[in-house]
Amino acid sequence: MLNQLTISELTAKLGNREVSAREAMQACLGQVSRVDGELHAFISHDDNDALAQADAADKEISNGTTHSQKPLLGVPIAVKDVLSVKGQPLNCCSKILGKFISPYDATVVERLKAAGAIVFGRLNMDEFAMGSSTENSAFGVTKNPWDKTRIPGGSSGGSAAAVAADECLASIGSDTGGSIRQPAALCGCVGLKPTYGRVSRYGLVAFASSLDQIGPFTKDVRDSATVLEAISGLDPRDSTSVPQPVPKYSSALNGEIKGLKLGLPKEYMIGGMDPEVKQAVDAAVKQLEKMGAEIVEISLPHTDYAAATYYIIAPAEASANLARFDGIRYCDRVEGGDLADLYMKTRGAGFGPEVKRRIILGTYVLSSGYYDAYYLRAQKVRTLIRQDFLNAFEKVDAVITPTTPTPAFKIGEKSDDPLQMYLSDIFTISCNLAGIPGISIPCGFTANPKLPIGLQLLGKPFGEETILKIAHAYEQSTDWHKQKPAL
Ligand code: GLN
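Residues numbered from 1 in each chain as written. Predicted model: local features only at pLDDT ≥ 70, side-chain atom pairs only at ≥ 80, totals over all residues. Heavy atoms only, no water.

A. Here's a closer look at the overall build of the protein. When you go through the protein residue by residue, the secondary structure sums to 15 helices and 11 strands. What you see for the protein is a C-alpha radius of gyration of 21 Å, in line with the 23 Å of a compact globule of 487 residues. Across its three principal directions, the C-alpha atoms of the protein cover 65 × 55 × 45 Å. The buried share of the protein, taken over its 487 residues, is 60%. By sequence separation, contacts in the protein at least 24 residues apart represent 75% of the contacts at least 6 residues apart. Of the roughly 17,900 Å² of accessible surface on the protein, 53% is carried by carbon and sulfur atoms. Measuring between centres, the 50 positive side-chain charges of the protein sit 2 Å from its 55 negative side-chain charges. (Helix = DSSP H or I, 4+ residues; strand = E, 2+ residues; numbered from the N terminus. Rg over C-alpha atoms; globule rule 2.2 N^0.38 Å. Buried < 20%, exposed > 50% of the residue type's maximum accessible area, 1.4 Å probe, protein only. Contact = heavy atoms within 4.5 Å. Areas by Shrake-Rupley, 256 points an atom, 1.4 Å probe, with all protein chains shown as cover. Lys, Arg positive; Asp, Glu negative; His and termini not counted. Charge placed at Lys NZ, Arg CZ, Asp CG, Glu CD.)

Structure follows, in structure tokens:
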């Protein structure tokens, strides 16, 4: 089945004309119609447009364009409902955007298309990317392909589930505090959050601008390198994107990890961690050691403050970013007596409870009298958290941790307890605060029910090559990434 292939497998078959892009696209759409009624990873897909793009790719291939020229030519890739795709709806899985249609392509989408990808479908997510379970979507929850009574993680739950269920070859998500790595771990795929500044956010609806990054979900590490290479690099339309050259990430995947130093932070071995998760991560660490890596215990002393710091900074930035959804410039307007009344009615009706909670928290920590006590202090702690990592990277090449403290939890299990929900990101948040890259790869399964477990590797700023190299070497020594959910 073509939809089950990795990008490298499909492009090899497309390149020697064994199969067509149309056939690959049809296989993905077939899988969507077979499984997505129940999974609900997609909130919409335009099949005619997808097939037209596939036909255009086939034409290019028959005209002689190769995959070394366009590495994603004919590859079906779906995107989270937070990225602009020209002519497609954009809702951030909120009610507030109504019938909004994107007037332009996000830079990432533009680059995927320039690399030949077929960009199709809108993937489910927590409203405005706020959440860890995709239960905050105004379009209904996505189910975990491994166990449909469980959440797929969030906020990019649709992106992870769609890849795990072979509904697309790869997908794109965004990660502000873990939203790529956490759902990748819970659905058993590879999820990469690049260094802050590596990938342009132009055309990404902003949640917390100093934390947001865009990255790929893929079926293996090689594909992650391929997609990252296509979407990275300077973009004058995002002032935070950096002029650092884009390495050929896939060339780093040579299995050579002998002598690399991996730091195991003692602060991450917390109580409350699921014993099967701990066991799987311990075994992965042993495996990497056997392969020649050197394991070093390190300390990231400010780890305890990461969640509290994040839940001040992220809502503060969100409260500012979401002010634009006011019913004047866009949004489903609810008319009111005067302007303030119109704002209140529009926002009251359009935003869901978690988004309102974040706006209220964010407005509070920025308000006079509390700004110094909360926001300013959080910014200082953020600097200390980043410094912890920079100190660690003096001694080690990468940091290794579990991606999540537990496997996927039941739908509804944490919905009434925001604090418990926030704690499911405990291992992923620091990476965004520090602005460093992180990847989650499959490292095992729980026994009963069988649920995926993720291993997280964190790298130096712009050290994507190193974490991809280590992730790839580990992956090649296991078959976790090849196991598929029974759908
Ligand atoms: N779960 C975290 C939150 O709710 C992170 C979300 C994200 O990375 N977009 O804010």
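B. Spatial organisation of helix H15 (residues 464–476). The end-to-end C-alpha distance of H15, which contains 13 residues, comes to 18 Å, matching closely the 18 Å that a straight helix rising 1.5 Å per residue would cover. Within H15, 10 of the 13 residues are buried, which leaves the element mostly enclosed by the surrounding structure. Residues of H15 that are buried include every one of Glu464, Ile467, Leu468, Lys469, Ile470, Ala471, His472, Ala473, Tyr474 and Glu475, and no others. (Expected span 1.5 Å × (residues − 1).)

C. Local environment of the side chain of Thr226. The topology assignment puts Thr226 in helix H7 (residues 221–231). Look past the residues within four positions of Thr226 in its chain and what remains in contact with it is Pro71 and Leu72.

D. Structural context of a nonpolar patch on the surface. Residues Ile328, Leu339, Tyr343 and Met344 make up a contiguous nonpolar surface patch of roughly 390 Å² in combined accessible area. Residue placement: Tyr343 occurs in helix H10 (residues 339–350). Note on Tyr343: relative accessible area 31%, which makes it partly exposed. (Patch = residues over 30% accessible without salt bridge, like charges linked within 9 Å, V, L, I, M, F, W, Y side chains within 5 Å. Salt bridge = Lys/Arg side-chain N within 4 Å of Asp/Glu carboxyl O.)

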